[in-house]
Amino acid sequence: MRKLWQRVCMSALIVGSSILVHAWADPIVIKFSHVVADTTPKGQGALLFKQLAEERLPGEVQVEVYPNSSLYGDGQEMDALLVGDVHILAPSLAKFEHFQKKIQLFDLPFLFDDMAAVDRFQQSDAGKSLLTSMEDKGITGLGYWHNGLKQLSANKALKTPRDARGLKFRVQNSAVLDEQFKALRANPRKMAFSEMYQGLQTGVVNGAENPYTNIYSQKIHEVQDYITESNHGVLDYMLITNTDFWNGLPEHVRDTLTDIIAEVTVEVNNQANALNERDKQSILDAGTTEIIYLTPEERDAWRKAVQPVWEKFQGQVGADLIEAALQANNPDTE
Ligand code: LMR
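Residues numbered from 1 in each chain as written. Predicted model: local features only at pLDDT ≥ 70, side-chain atom pairs only at ≥ 80, totals over all residues. Heavy atoms only, no water.

Test applied: UniProt positions are given in the numbering used here, feature names are shortened, and annotations may be inferred rather than shown by experiment.
Looking up the protein in an unreviewed UniProt entry gives the name C4-dicarboxylate ABC transporter, with the organism given as Ignatzschineria ureiclastica. Taken verbatim from the UniProt record of the protein, the Sequence similarities (unreviewed entry) comment is "Belongs to the bacterial solute-binding protein 7 family."

Next comes the structure, spelled out in structure tokens:
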């Protein structure tokens, strides 16, 4: 009896002191930095991640979300992740070429028929293998988040590929996107996301390519008279973390965060299309910008004009990966 009582007292002491440790230990601070607005799919996903992490790991984890390039912008955020100044990012898939050339796949124009195909590819073995392909460089992929398909915008109506000739287009820091506009005999200018509005406003560039959520939240429609609904490429994200940071988390924290990320990923990917539709409607309501719709024949002319880009990057991306992506256009491959 005395032994049992001693054991009860001992376990009470252990539980009590572990509560005290939790109460006194500083929470693990997770900084999540990104370049877009809170209203976009990525912005919403970051906030949901914060909410669920702090609800399910109270006092253990604190998530700080920095939207709109408020902590780090393009060109700085990857370095900040590698040195551990931020812990989670979700750069667009166009921004990985210095770490993994295969990810350039996603920038190939007219590769995927629609977002369902993008989704099928991302969930395939080939798609998932890219998430772990940068661990030797200190980057672990935690999942893919959708934004959506990109639309061309300009101050001139873009109906045929010829209309883009000679115009200056803002591009993300991507060799593939650079070549895409060169194939149209246009002039690509690599520019940070946060500088795009001003670039368009001052005429440093005349056009851009963005999904509707980025157009609306950055007020791009206010400085662009036309949007061509080209759906010519995808702008999606890889949610990434610093590999050492992630592996160094207490196991139960990492497991709980992994579950939360899986949940948030489903939510972001289910909502992304609706958010783009919402923002397309807001652009129409604003009355600033005409949206041009292409016939299948007109869209095909754009496809043909940029097709040479595929060949240029086939060596770096790999013919097998391009084939796997094309397979995903067929719903029966699920
Ligand atoms: C861009 O630079 O256009 C995008 O990568 C921004 C974003 O994160 O959606």
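Read on, since the account is not over.
Looking at the nonpolar core
In summary, soluble globular proteins display a tendency toward joint burial of nonpolar side chains. Quick note on the threshold: Residues grouped as a nonpolar core are buried Ala, Val, Leu, Ile, Met, Phe, Trp, Tyr and Cys residues, joined through side-chain atoms within 4.5 Å. The rule is simple: take the accessible area with a 1.4 Å probe, protein chains only, and divide by the maximum for that residue type; under 20% is buried, over 50% is exposed, in between is partly exposed. We count a stretch as a helix when DSSP gives it H or I for four or more residues in a row; a strand needs E for two or more, and each element gets its number in order from the N terminus.
The biggest cluster of nonpolar side chains holds 41 residues, and the ones touching the most others in it are I30, F32, F49, L239 and L257. The biggest single contributor to this core is helix α10 (residues 251-286), with seven residues. Within the second largest apolar cluster, 37 residues are counted, among which are M115, M134, M238 and F313.

Considerations on the site of the ligand
Selection criterion: One heavy atom within 4 Å of a molecule or strand is enough for the residue carrying it to be called near that molecule or strand. In the analysis that follows, any N or O atom pair within 3.5 Å is treated as a polar contact, provided that within protein one partner can donate a hydrogen and the other can accept it, and provided that, for residues neighboring in sequence, both atoms belong to side chains. Note on areas: Shrake-Rupley, 1.4 Å probe, and residue coverage restricted to the protein chains presented here. Each residue is assigned to one of three groups, with Ala, Val, Leu, Ile, Met, Phe, Trp, Tyr, Cys and Pro labelled nonpolar, Asp, Glu, Lys and Arg labelled charged, and all others, Gly among them, labelled polar.
Close to the ligand lie 13 residues; K42, K95, R170, Q172 and Y237 are nearest. One of the side-chain N or O atoms of Y237 is found 2.5 Å from an oxygen atom in the ligand. Relative to its unbound accessible surface of 270 Å², the ligand loses 100% to contact with the protein. Within the shell around the ligand, the residues separate by chemical class into five nonpolar, four polar and four charged.

Things to note about the sheet that holds strand β10 (residues 234-242)
Our working rule: For two strands to be treated as a pair, DSSP must find at least two bridges joining them. Here, residues are in contact when the closest pair of their heavy atoms is within 4.5 Å. All axes are obtained by fitting lines to C-alpha atoms, using only the stretch in contact for helices, and the reported angles, taken between N-to-C directions, cover 0 to 180 degrees.
Taken together, five strands build an open sheet; the order of strands is β2-β1-β3-β10-β4 and the sheet is mixed. In this open sheet, the two strands that pair with only one neighbour each are β2 (61-66) and β4 (139-149). Of the strand pairs in this sheet, β4 and β10 are connected by nine bridges, and their pairing is antiparallel. Bridge assignment links H146 to a residue of β10, and that residue is D236. Contacts from helix α4 (residues 115-123) reach β4 and β10, with the element oriented near 170° to β4. In the packing of α10 onto the sheet, the strands contacted are β1 (28-33), β2, β4 and β10, and the crossing angle to β4 comes to about 15°.

A short note on the packing of aromatic side chains
The condition is simple: Stacked, edge-to-face and tilted labels apply to pairs of Phe, Tyr and Trp rings (six-membered ring for Trp) whose centres lie within 6.5 Å, assigned for plane angles under 30 degrees, over 60, and everything in between, in that order.
Tallied over the entire structure, the rule returns seven aromatic pairs. Here F32 and W145 contribute two aromatic rings whose centre-to-centre distance is 6.1 Å and whose plane-to-plane angle is 35°, an arrangement assigned as tilted. Residue F32 is found in strand β1, and its partner W145 is found in strand β4; the two are separated by 113 residues along the sequence. With respect to burial, F32 and W145 carry one shared label: buried. Chaining the aromatic ring pairs together yields one cluster made of F106, F112, F121 and Y144.

Observations concerning the environment of D114
For D114, the position within the fold is in the loop between β3 (88-89) and α4. Taking the C-alpha atoms as reference, D114 lies 16 Å from Y144; in sequence the two are 30 residues apart. In this structure, D114 is in contact with R120 and L149, ignoring residues within four places of it in sequence. A distance of 3.3 Å separates a polar side-chain atom of D114 from the backbone nitrogen of A116. For D114, the side chain forms a polar contact with the main-chain nitrogen of A117, separated by 3.0 Å.

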